[in-house]
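Understanding the architecture of this molecule
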Amino acid sequence: MNNSGDSVEVRDVQLFDIVGNLPAEIALRVFSKFRTAKLMIRCSQVSKAWRVIALDDLLWKELCRRRFENRKHVPKALNTRIDFSNILHLLTVKEMKDILVRRGIQIKGLFEKNEIVAKLLQTRPASSPEGRWPGKWISHYFVTVADSRRTDITKAELCGMTWHFRFFQQWTGEYKPTSVFHPDYTYESDIISQPMHWRFYAGMIQIDQYPPLTLHRSPYDWGWIMTNTHVIFHGVDPDFAQFEEEESKKRAEDAKRFAARYGYSTQDTDDEEALHEQQHNVQHQQHINQHHPHDINSTTTTTTTTTTTTTTNYTNDN
């Protein structure tokens, strides 16, 4: 009824999905402006059309590049800890073989695709993050973020990098002695003349009879840190150091191509994600300060956002 008492016809209002009806190329350009995984997942839950766009592999590959470019121990190729059981159809034989090689598996003699697939499913590393996602690079994103909080180092990881260390009460200058953990369980350092022995001990690393070293991850770049009451070790990622300059050039070229295709610079950041990172920083630093008071100044209070809630909601949605 209107003010004069006359009846007014009410018609059904149909909503029109503007983005969902755009050409695929333009829709991808719109979604490429979304900077965080959280926002991408929310968009994927709007409709079927939005879901297809939001889960596009190219968008997630670029999101991974921006998110992980300054992080250590992040593989440039697909993370070997991914559960590939639901996305095998998206992998090429070459990608499968590469994953097996990086897992330390001999591929000599594997010729049939079904043999390679079986080996891929059988050799997933222990303590890998749980969860499955519908694409290669979205899987890489969430598994890598979850794996950045892992503190049970493998023998291959421990022996695959050099370590800088310093004592808390000495050597406050720039000099950082270097040490190496060898696969035969011997330990060598710049400051000792004879090799020592190391071992895994209750989830920690022990060198001879010295106090065991507790493992942490750096809140700044996800690097490995080991501490006890006397000393702190920082792992030097060989891949990160070797390819940093080369990757910097490659990232610049990729950024130009991406900007040309999608119309914005990949150097932008997201305030919401930065806020979550800062909050996680404070919690991580409080833990370090509480359990290792000597290590107050040895780590930087910047870390990456956690996506546990996001991945849980997404998994439930599927």
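You'll find the structure just up there.
The present account deals with the structure reproduced in this document. What you see is a predicted model; the values in this text were computed from it and never measured.

A closer look at the environment of Thr92
Looking at the secondary structure, you find Thr92 in the loop between α4 (57-68) and α5 (93-102). Along the chain, Thr92 and Lys113 lie 21 residues apart, while their C-alpha atoms are 9.7 Å from each other.

Considerations on the nonpolar core
Counting residues in each nonpolar core, the largest one holds 39 residues, and the members touching the most others are Phe31, Trp60, Phe84, Leu120, Tyr141 and Phe142. Examining the composition of this core, we find that 6 residues originate from one element, helix α7 (residues 136-147), more than from any other. If we ignore the near neighbours within four places in the chain, the residues touching Phe84 are Leu78, Asn79, Leu91, Ile99, Arg103, Leu120 and Leu121. Core analysis: the second largest hydrophobic core is formed by 18 residues, Met196, Trp198, Ile205 and Val231 among them.

With respect to the environment of Ala118
Relative to the helices and strands, Ala118 resides in helix α6 (residues 113-122). Between the C-alpha atoms of Ala118 and Ser85, which are 33 residues apart in sequence, the distance is 9.9 Å.

Let's talk about the pattern of salt bridges
Within this structure, the stated rule accounts for 9 salt bridges. Between Glu62 and Arg65 there is a salt bridge, and its shortest N-O distance comes to 2.6 Å. Here Glu62 and its partner Arg65 are both found in helix α4, 3 residues apart, which amounts to about one turn of the helix. Assigned by exposure class, Glu62 and Arg65 land together as buried. Across the pair Lys72 and Asp221 runs a salt bridge, and its minimum N-O distance is 3.5 Å. With Lys72 in the loop between α4 and α5 and Asp221 in the loop between β6 (214-217) and β7 (224-227), this residue pair connects regions lying 149 residues apart in the sequence. Pair check on accessibility: Lys72 and Asp221 agree, each one buried. Members of the salt-bridge network, linked through shared partners, are Glu62, Arg65, Arg66 and Glu69.

Calculation notes
Residues numbered from 1 in each chain as written. Predicted model: local features only at pLDDT ≥ 70, side-chain atom pairs only at ≥ 80, totals over all residues. Heavy atoms only, no water. Helix = DSSP H or I, 4+ residues; strand = E, 2+ residues; numbered from the N terminus. Core = buried A, V, L, I, M, F, W, Y, C linked by side-chain atoms within 4.5 Å. Buried < 20%, exposed > 50% of the residue type's maximum accessible area, 1.4 Å probe, protein only. Contact = heavy atoms within 4.5 Å. Salt bridge = Lys/Arg side-chain N within 4 Å of Asp/Glu carboxyl O.

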